[in-house]
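Structural overview for review
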Amino acid sequence: AEELLRLALDLADRLDPAEHGPGAVEAAKARAWIHLGNTLRVRDEFRLAEAAFDTAELYLSRSWLDPLDEALLLEFKTPLRRAQRRFDEALELIEGAIAIYREIREPHLLGRAVMIKGVTLQYKGEIEEAAECFRTSLSLLEEPRPLALCHLNLAGCLQDAGHSAEAAALLPQARRLLEPVGTRTDLLRLRWTEAKVAASLGRTAEAEAAFLEARRAFLDGSYVFDAALISLDLAALYLRQGRVKETKSVAAEILPVFRSREVHRDALAAMIVFQRAADLEHLSLGLVEDIAARLRRAQNEPEPRSRAT
């Protein structure tokens, strides 16, 4: 994606402003820089993403000021602020995009922006408010994948808020919509949510099989944080059943994986606590929840990366 976007910027430099009209070349460059900023953000290159968005803003100010470009910049900067845990700024940005999409009557784009607001509220811990955003988005979204993800996000919120029966009712529709259009990661998130809902409803055998399947797949894809969080969910399931041996095994299996990867030191420390508590048979559901919270905080903090220059 980055290579294609840099090619687009190179081509934009070759456009003749006289041929394309005032502000057209600047608008093309603004769009390319907006998408490049988002690509860099996905790669956790936060400083470079910030610089790309600043450049996009500069070109946008010199362009014909298409409101769609302005809204897109606000929309794509929101996940960057969310990843930086600057939630209030993220919400302010996405509210700006929502206002523009509402004003120019773009219902699908409005639905997408409202869903992004919901995800931001979800990360902030405001689960009920996030669920309301996802409900609103469902009536606005038109494209298959965002619509499917919105169902999944809503199911996850309902589960986290303790409404497991409502979440269970949504999951078949989420799977039906997501299977044709979802990425492998989307489908793994769905499987993980299905596991959590099954565990909450007492369907322990189904939950265990789903947790194990999702954890194995996340490990194969090098998603160590997600695999570790699933390990904690699995440990909680075993603790409720009094299965001490299996709990120890889960902790023993995940710690070497963390040690072999370059992860945030707070995350590694959390997993060491998990392993030692399991070994000493001092692990409790409360401690598992505390460790999961520490792991999520570390997951959203910048990790030491030599390529982030």
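Residues numbered from 1 in each chain as written. Predicted model: local features only at pLDDT ≥ 70, side-chain atom pairs only at ≥ 80, totals over all residues. Heavy atoms only, no water.

**Some details on the nonpolar core**
- Of all hydrophobic cores here, the largest spans 41 residues; its most connected members are Phe-211, Leu-232, Phe-258, Met-271, Phe-274, Leu-283 and Leu-295.
- Elements supplying a minimum of two residues to this core: helix H11 (184-200), helix H12 (204-220), helix H13 (224-241), helix H14 (244-259), helix H15 (265-279) and helix H16 (285-299).
- The contact partners of Leu-283, leaving out residues within four places of it in the chain, are Ala-235, Leu-239, Thr-247, Phe-274, Ala-277, Ala-278, Val-288 and Ile-291.
- The next biggest cluster of nonpolar side chains, apart from the first, holds 40 residues, and it includes Ile-98, Ile-100, Leu-147 and Ala-174. (Core = buried A, V, L, I, M, F, W, Y, C linked by side-chain atoms within 4.5 Å. Buried < 20%, exposed > 50% of the residue type's maximum accessible area, 1.4 Å probe, protein only. Helix = DSSP H or I, 4+ residues; strand = E, 2+ residues; numbered from the N terminus. Contact = heavy atoms within 4.5 Å.)

**Looking at unusual backbone geometry**
- Positive phi values are uncommon outside glycine, yet Arg-85 reaches one of about 65°.
- Relative to the assigned elements, Arg-85 resides in the loop between helix H5 (67-83) and helix H6 (87-103).
- Even without being glycine, Arg-105 reaches a positive phi, approximately 60°.
- Mapped onto the elements, Arg-105 comes out in the loop between H6 and helix H7 (107-124).
- For Arg-105, a relative accessible area of 74% translates into the label exposed.

**Quick word on the packing of aromatic side chains**
- Scanning the entire structure with this criterion turns up 2 aromatic pairs.
- With centroids separated by 5.8 Å and ring planes inclined at 90°, the aromatic side chains of Phe-218 and Tyr-223 adopt a geometry described as edge-to-face.
- Tyr-223 gets classed as partly exposed once you look at its relative accessible area, which sits at 35%.
- Through a chain of ring-to-ring contacts, three or more aromatic side chains come together here, namely Trp-192, Phe-218 and Tyr-223.
- Sitting above the plane of the Tyr-123 ring, Arg-82 keeps its charged end 5.2 Å from the centroid.
- Of note, Lys-196 hangs over the ring of Trp-192, and the distance from its end group to the ring centre comes to 5.0 Å. (Phe/Tyr/Trp six-rings, centres within 6.5 Å; stacked < 30°, edge-to-face > 60°. Lys NZ or Arg CZ within 6 Å of the ring centre and 35° of its normal.)

**Comments concerning the side chain of Ser-164**
- Counting through the fold element by element, Ser-164 comes out in helix H10 (residues 164-178).
- The buried category is assigned to Ser-164, whose relative accessible area is 10%.
- Setting aside anything within four residues of it in sequence, one finds Ser-164 in contact with Leu-158, Gln-159, Val-197, Ser-200 and Leu-201.

**Concerning a nonpolar patch on the surface**
- A surface patch of nonpolar side chains, about 310 Å² in accessible area, is lined by Leu-4, Leu-7 and Leu-11.
- Inspection of the secondary structure assignment puts Leu-7 in helix H1 (residues 2-13). (Patch = residues over 30% accessible without salt bridge, like charges linked within 9 Å, V, L, I, M, F, W, Y side chains within 5 Å. Areas by Shrake-Rupley, 256 points an atom, 1.4 Å probe, with all protein chains shown as cover. Salt bridge = Lys/Arg side-chain N within 4 Å of Asp/Glu carboxyl O.)

**Details of the packing of H14 against H15**
- For the pair H14 and H15, interaxial distance at closest approach is 9 Å and the crossing angle is 155°. Relative to H15, the element H14 is oriented roughly antiparallel. Crossing hand, H14 versus H15: left-handed. Residue-level inspection shows Thr-247, Lys-248, Val-250, Ala-251, Ala-252, Ile-254, Leu-255, Phe-258 and Arg-259 of H14 in contact with H15, the latter providing Ala-267, Leu-268, Met-271, Ile-272, Phe-274, Gln-275, Ala-278 and Asp-279.
- Among the residues forming the contact of H14 with H15, the class breakdown is 12 nonpolar, 2 polar and 3 charged. (Axes fitted to C-alpha atoms, helices over the stretch in contact; angles between N-to-C directions. Parallel < 35°, antiparallel > 145°, perpendicular 65-115°, else oblique. Left-handed = near helix turned anticlockwise from the far one by under 90°. Nonpolar A, V, L, I, M, F, W, Y, C, P; charged D, E, K, R; others polar.)

**Looking at the environment of Leu-110**
- By secondary structure assignment, the location of Leu-110 is in helix H7.
- You can call Leu-110 buried: its relative accessible area is 10%.
- When the C-alpha atoms of Leu-110 and His-35 are compared, they prove to be 18 Å apart, with 75 residues separating the residues in sequence.

**Quick look at the confidence of the model for the protein**
- In this model, the protein carries an average pLDDT of 90, and 95% of its residues clear a pLDDT of 70 or more.
- With pLDDT under 50 throughout, residues 303-309 is counted as low confidence; its partners more than four residues away or in other chains account for 16 contacts. (pLDDT = per-residue confidence, 0-100.)

**Thoughts on H14**
- End to end, H14 covers 23 Å across 16 residues, agreeing with the expected 22 Å (1.5 Å per residue, within 8%).
- Taken together, the buried positions of H14 are occupied by Thr-247, Val-250, Ala-251, Ile-254, Leu-255, Val-257 and Phe-258. Angularly, the buried residues of H14 cover 160° about the axis, an arc narrow enough to put them on a single face. The outward face of H14, more than 90 degrees from its buried face, is lined by the exposed residues Lys-245 and Arg-259. (Expected span 1.5 Å × (residues − 1). Arc of directions from axis to C-beta.)

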